[in-house]
Amino acid sequence: MNRWLQVQGLYKREVARFLKVPLQTVGAPIVNSILYLLIFGVSLGHSIRLENNIPYLAFLIPGLIAMSLIKNAFDNSTSAIMGQKYVNELQDLRVTPFSLQQLCAAKTLSSLTRGLFVGLITYCVGQTFYYFQMGHFLPIANPLVLIYFLIFGGLAFGNLGIAIGMWSKSFEHVGAVSMLILLPLIYLGGVFFSLEGMHSFWQSTSHFNPLFFIINGIRYGMLGSTDIHLGIAGVVTFAFFLVCYILALFSLRNGPRYMR
Amino acid sequence: MTPLVIKNLTKKYGRLVAAERVSFEIHPGEVFGLLGPNGAGKTTIISNIVTLQSFSEGSIKVFGIDVQKNPRLAKAHIGFVPQELIHHGFFTVEEILKYHATYFGIPLDKEHLKYLLDKLHLYHHRKKLVNQLSGGMKRRLLIIKALLHKPKLLLLDEPTAGVDVELRASLWKFIQELKKENLSILLTTHYLEEAELLCDRIGILDHGRLRKVDTTEKMLQEYSSKKVSVTLCSPLGKIDHPLLTAQSDHLLDFQVPNEMPLSQLFQEASIPMNCIQDINIKMGTLEDVMQTILRGEE
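Parameters and conventions
Residues numbered from 1 in each chain as written. Chains lettered and ligands numbered in written order. Predicted model: local features only at pLDDT ≥ 70, side-chain atom pairs only at ≥ 80, totals over all residues. Helix = DSSP H or I, 4+ residues; strand = E, 2+ residues; numbered from the N terminus. Rg over C-alpha atoms; globule rule 2.2 N^0.38 Å. Contact = placed C-beta atoms within 7 Å. Nonpolar A, V, L, I, M, F, W, Y, C, P; charged D, E, K, R; others polar. Pairing = 2+ DSSP bridges. Axes fitted to C-alpha atoms, helices over the stretch in contact; angles between N-to-C directions. Left-handed = near helix turned anticlockwise from the far one by under 90°. Core = buried A, V, L, I, M, F, W, Y, C linked by C-beta atoms within 7 Å. Buried ≥ 20, exposed ≤ 12 C-beta atoms within 10 Å, placed from the backbone.

Counting secondary structure elements, chain A contains ten helices and zero strands. When the helices and strands of chain A are read in sequence order from the N terminus, they spell out α-α-α-α-α-α-α-α-α-α. Its C-alpha radius of gyration of 19 Å places chain A within 12% of the 18 Å reference for a compact globule of 260 residues. In chain A, of all internal contacts separated by at least 6 residues, the share reaching a separation of at least 24 is 82%.

Structure (structure tokens):
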């Protein structure tokens, strides 16, 4: 039994799944990104002055990439698990010789793929806007740092999506988590604004939001400057990924439709 | 190595005992039928074998591998056809089969896939989305999926439920062919003629307990009787015989043990052979066996 072949097969299938519905999984996020760039980056961006003289559009692009990555990695896992529950596909996996780690790996990697895919499109759209506004492309300051935060941020939310998908009893539950918890955390994590200009209460509250560290890590990767200490952001992001991974494994083993 | 050995399997849902000290085994190349009324525990037992559920007591071994201690290795030997249909909304038949083969960690055997698609009449539908298939086709797809990795033990949980007569007959033929290939099969079904035709041995479950396990032949012999209807040329007087169930002027109905010769019956009942115009014999079925065993337990 080739374990790698198992993971590869499930990964390919999960990627094929989201590519089968491109309007829903890729098209809609792209339209979102364009709207955010148009409204916040181009229209309102001129009136926003940041302390370190970074153009607001440059500040916004990494935030939107982070948001695309997190949202899509999470949505991919939850929709895959929920959909599979509804059409009995989950049973298919439960009777095959997958270990929980293999399942997690295949599903999370496919979620990361979707997150990176949409993030890359957001990056390309953002660069197009930036070029027309500034006359040149936005350079990437620290590619390795950027890759680190993209990968662990995407993996963390892919795993979190598995856990939420396994524990949710309906799409309404998933929607509630996405809209009432995840979205506020993304917005308060600094996608659209810098922590410097905020009230001290919100500044300290943000430090309990793991998304704040992921978003700022990605921003540091692109711009070379950030609101926080990079090392702390790296450790918090990795720790958050580990917690989400454990949650995903736990949900697969002990969730309502548990798997051995 | 014995394909399946279940010893003292006990599964409880809270206070409800779904399976109580169930023990049986399946021999190589054998079709074993697990029969019983709804809620008897058939699906519970199958779910425990494929580790969809976990049990509190007993043991299940697939080719000597304990399914609780080493579920992955045990499941690699099992092909499972569930009761419920699976819809696979996004994929075609061919795509879903290619992905499914990799789940067992073996490269896809294209020849084997083509053989199965041909055999179950899905080859010409392989490019269709699974959603576009009829219920019968989806059921055949489940069987192909279960056989893709060439398992040595096949679990069929009501594989012909809700399919038309023609398809049912073709599936029976296919199962008989699988048996010839030395595949061991555990079959649950509510169609007793299906069990009678396919199963070498039968276990009868009721309220989670295995009431009786024996060969189909012995079960029929022991727990069923034949119905003998004798048409007479002319009326006889009142016949007094313990096996007589109904009498009219020209017709006598007897419920006779399978092993009892008719000559003995006619002699005991004092029916002269020259008075007999016609004899109609209806052999006992598994339905009689089930009723006898379940009634006996009550």
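On we go from here.
When the parts of a complex come together, some accessible area is lost, and that lost area is often taken as the interface size. The interface of chain B with chain A comprises 22 residues on the first partner and 24 residues on the second. Within the residue set of the side of chain B that touches chain A, elements represented by two or more residues are α2 (71-76) and α3 (93-102) of chain B. Here the side of chain B that touches chain A takes four residues from α2 of chain B, the largest share from any one element. The class makeup of the residues in the side of chain B that touches chain A is twelve nonpolar, seven polar and three charged.

Residue and element names in this part refer to chain B. Taken in spatial order, the six strands make up an open sheet running β6-β7-β8-β3-β9-β10, and their pairing is mixed. On the outer flanks of this sheet lie β6 (78-81) and β10 (209-215), each paired with one strand and no other. Within this sheet the neighbouring strands show an average axis-to-axis angle of 15 degrees, counted without direction. One ladder, built from four bridges, connects β6 with strand β7 (residues 153-157); its direction is parallel. Considered in β7, the bridge of G79 is made with L154. Lying on the sheet, helix α1 (residues 42-49) is in contact with β3 (31-35), β7, β8 (184-188) and β9 (201-206); it crosses β7 at an angle near 145 degrees.

Looking now at the environment of H250 of chain B. All names here are of chain B. Along the chain, H250 turns up in the loop between β12 (244-247) and β13 (251-257). The spacing of H250 and V230 is 20 residues in sequence and 8.1 Å in space, taken between C-alpha atoms. Other than its neighbours up to four places away in sequence, H250 contacts T231, L232 and P235.

To continue, consider the packing of helix α1 (residues 3-20) of chain A against helix α5 (residues 100-134) of chain A. Residues and elements named next belong to chain A. Contact geometry for α1 and α5: axes closest at 8 Å, N-to-C directions at 35 degrees. The handedness of the crossing between α1 and α5 comes out as right-handed. Taken together, the residues of α5 that come into contact with α1 (itself represented by R3, Q6, V7, L10, Y11, E14, V15 and F18) are Q102, A105, A106, K107, L109, S110, T113 and R114.

We now examine the nonpolar core. Counting 143 residues, the largest nonpolar core has A66, I70 and I218 of chain A together with I144, L155, I185 and L186 of chain B as its most contacted members. The dominant element in this core, judged by the number of residues it contributes, is helix α3 (residues 56-86) of chain A, at 17 residues. With residues up to four places along the chain from it excluded, the contact list for I185 of chain B reads V31, L154, L156, I175, L178 and K179 of chain B.

Function cannot be read off these values alone, since they describe shape.
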